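What follows is the residue order along each chain.
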Amino acid sequence: MDLGDVGFYGADINNVSISDRVRIMYKRLNHSPFVYRFKVKNSGPPAKALVRVFLADERGTPTTVEMDKFFWNFKSGTTEFERSSDESSSVPRKAQGLYEIQESSSYSGSNNLVDTGIREYTGCGWAKHLLAPRGNPEGFKTNLLVVISPLLEDDAAGTTDWKTVSTLTHSLCGAPGAPFPDSRPMGYPFDRYRGWKDIINGRSNMKRVGITIYHQQDCKSNRDCPRGRTCNTETERCNIDNVGQTNQRPRVPKEKKNSPITFEDCPYEANTAPKVNTKTFNRVKSSFDCETTCRKMKDCAYFEWQKVNSRNGRCTIYEHVVLEPGHLNSVSGLKSCAKFQEQSWEARHTG
């Protein structure tokens, strides 16, 4: 959270009418600054390309959001570089708050006018404090996608003055007096959404990374934070660095009397953690063959196909979840005792 401001002409505060303009401060959602770190291997000659960064999630309505897009010269071999969230091509470089926008508008009654052309490009874009999703205290797991697309022949990006354009919100607003600095459609390669997995599957210039977004709750003391977290009294926010690092002894709940479920039927064990059983098959030609293998297996819940070479790939089958021992200070259990889960528990103890 941080503070925003807005102006009102006339307000009633504590039953007192104020006719003059009032500037009101309010809390608004914001995210901490973050950095992308890239390590790219170019096995060919030096190449010019656009680096495109997306957030993608398939819960609810499938959504892919472009977080950043920028030009880069890739040398032969390995290139490592960083990119700050403040440099995003989707957010304004000189973001204005509501009060500042009111001050520069015609209805404010002031003579503080600015050049409309400059304002159009320096203030255009998605609100910087809303660039990242809110997340949640437990951690919102989602997908970060990176696409490196070599420039097309006669690509507008090849003749763009990137020293100037990089200071503007060019992904959404373009550049003044110049063609849009990208000959591919906005949102490429997800402009015609067919599911990001099918698009990046088997392509070496595209990569998916799993990320977790935490929402730091406001707090005054440790009691205001989720279990296992502490309160940073200076920032008045719950820490996320100590997730899962509590020194408290695991709490094993007492079994309720007359409960239709017993711990033998629905296991609840200390010093364990859930683990997904997997099986791997090599020399699988396509994702379709991997899916077919999954459908033929009784215990298959998910499948993953990874391209290894031009002919074959690796198929990983994800089965049921078991409680793996050896995890100190952890307590794990099942939400419900479905037949499938009971069989998994019995198999773990008899295997």
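Residues numbered from 1 in each chain as written. Predicted model: local features only at pLDDT ≥ 70, side-chain atom pairs only at ≥ 80, totals over all residues. Heavy atoms only, no water.

S.K.: Teacher, can you tell me more about the sheet that holds strand S12 (residues 272-284) here?
M.R.: What holds strands together in a sheet is hydrogen bonding between their backbones, with the strands either parallel or antiparallel. With antiparallel pairing, the three strands of this open sheet are ordered in space as S12-S14-S13. Looking along the sheet, the strands with just one partner apiece sit at the ends: S12 and strand S13 (302-307). Going across the sheet, the axis of each strand differs from the next one's by a mean of 30°, ignoring polarity. As paired strands, S12 and strand S14 (residues 313-325) are joined by ten bridges and run antiparallel to one another. Across the sheet, the residue bridging to Thr 280 is Thr 316, located in S14. Across the sheet, helix H6 (residues 287-296) touches S12, S13 and S14, and the angle it forms with S13 is around 155°. (Pairing = 2+ DSSP bridges. Helix = DSSP H or I, 4+ residues; strand = E, 2+ residues; numbered from the N terminus. Axes fitted to C-alpha atoms, helices over the stretch in contact; angles between N-to-C directions. Contact = heavy atoms within 4.5 Å.)

S.K.: Mind showing me how you'd approach the side chain of His 170 here?
M.R.: Relative to the helices and strands, His 170 is located in helix H4 (residues 170-173). If near-sequence neighbours (up to four positions away) are discounted, His 170 is found in contact with Lys 69, Ser 89, Trp 162, Val 165, Phe 180 and Pro 181.

S.K.: Can you help me understand the packing of aromatic side chains in this one?
M.R.: Ring pairs (aromatic) are described by centroid distance and by the angle formed between their planes. Within this structure, the stated rule accounts for ten aromatic pairs. Consider the rings of Phe 54 and Phe 190, whose centres lie 4.9 Å apart with planes at 85°: the pair is edge-to-face. Of this pair, Phe 54 sits in strand S4 (residues 47-57) while Phe 190 sits in the loop between H4 and helix H5 (196-200), and the two are 136 residues apart along the sequence. Residue classification places Phe 54 among the buried positions, given a relative accessible area of 1%. By relative accessible area, which is 6% here, Phe 190 ends up buried. Between the aromatic rings of Phe 70 and Phe 81, the centroid separation amounts to 6.2 Å while the plane-to-plane angle is 85°, which identifies the pairing as edge-to-face. On the criterion of sequence distance, the pair formed by Phe 70 in strand S5 (residues 63-74) and Phe 81 in strand S6 (residues 77-84) is long-range, its members being eleven residues apart. Exposure remark for Phe 70: the relative accessible area of 4% places this residue in the buried category. Following the ring pairs from residue to residue traces out a cluster consisting of Phe 34, Tyr 36, Phe 38, Phe 70, Trp 72, Phe 74 and Phe 81. (Phe/Tyr/Trp six-rings, centres within 6.5 Å; stacked < 30°, edge-to-face > 60°. Buried < 20%, exposed > 50% of the residue type's maximum accessible area, 1.4 Å probe, protein only.)

S.K.: Even after reading the chapter, I still don't get a nonpolar patch on the surface, so can you show me in this structure?
M.R.: A grouping of Trp 126, Leu 130, Leu 172 and Met 186 is seen on the molecular surface, where their side chains present a nonpolar patch of about 420 Å² in accessible area. For Leu 130, a relative accessible area of 38% puts it in the partly exposed group. (Patch = residues over 30% accessible without salt bridge, like charges linked within 9 Å, V, L, I, M, F, W, Y side chains within 5 Å. Areas by Shrake-Rupley, 256 points an atom, 1.4 Å probe, with all protein chains shown as cover. Salt bridge = Lys/Arg side-chain N within 4 Å of Asp/Glu carboxyl O.)

S.K.: Help me out: how do you make sense of the sheet that holds S4 in this one?
M.R.: Read across the sheet, four strands follow the order S5-S4-S7-S8 without closing on themselves; strand pairing throughout is antiparallel. Whereas interior strands pair on both sides, the edge strands pair on one side only; in this sheet they are S5 and strand S8 (206-213). Direction aside, the axes of adjacent strands within the sheet are offset by 20° on average. Examined bridge by bridge, S4 and strand S7 (residues 140-150) share eight bridges and lie antiparallel to one another. Counted as the bridge partner of Val 51 is Ile 148 from S7.

S.K.: Where do I start with the state of the cysteines in this structure?
M.R.: Covalent bonding between the sulfur atoms of two cysteines is what defines a disulfide. This structure, assessed with the given rule, holds four disulfides. Here Cys 219 connects covalently by a disulfide to Cys 231, the sulfurs 2.1 Å from one another. On the sign convention where negative is left-handed, the bridge of Cys 219 and Cys 231, at about 90° about the S-S bond, is right-handed. Within this pair, whereas Cys 219 is found in the loop between S8 and strand S9 (231-232), its partner Cys 231 is found in strand S9, the two being separated by twelve residues in sequence. As far as the burial class goes, Cys 219 and Cys 231 line up, both buried. (Disulfide = S-S within 2.5 Å.)

S.K.: Explanation requested: the pattern of salt bridges in the structure shown.
M.R.: Pairing is possible between side chains that carry opposite charge, provided their charged atoms lie close to one another. As enumerated under the stated definition, the model contains eight salt bridges in all. Salt-bridge contacts for Arg 37 lead to Glu 82; the nearest nitrogen and oxygen are separated by 3.0 Å. Placement of Arg 37 in strand S3 (residues 35-42) and of Glu 82 in strand S6 is noted, with a sequence separation of 45 residues between them. For Arg 37, a relative accessible area of 65% gives the class exposed. Arg 83 serves as the salt-bridge partner of Asp 68, at 2.7 Å between the closest nitrogen and oxygen. Residue Asp 68 is found in strand S5, and its partner Arg 83 is found in strand S6; the two are separated by 15 residues along the sequence. Note on Asp 68: relative accessible area 0%, which makes it buried. With a relative accessible area of 11%, Arg 83 lands in the buried category. Taken together, the salt bridges that share partners define one network made up of Arg 52, Lys 69 and Asp 182.

S.K.: Just checking my understanding: could you explain the nonpolar core for this structure?
M.R.: Within soluble globular proteins, side chains that are nonpolar generally end up buried alongside one another. With 16 residues, the main nonpolar core has Phe 38, Val 51 and Phe 74 as its most contacted residues. Sorting the residues of this core by element identifies S3, S4, S5 and S7 as the ones contributing at least two each. Sorting elements by how many residues they give to this core places S4 first, with four residues. Not counting the four nearest positions on each side in its chain, Phe 74 is found in contact with Val 40, Asn 42, Pro 46, Ala 47, Ala 49, Val 51, Thr 79, Phe 81 and Ile 148. Of all hydrophobic cores here, the second largest spans nine residues; its members include Phe 54, Ala 56, Leu 145 and Ile 199. (Core = buried A, V, L, I, M, F, W, Y, C linked by side-chain atoms within 4.5 Å.)

No statement about biological role is implied by the geometric values presented.
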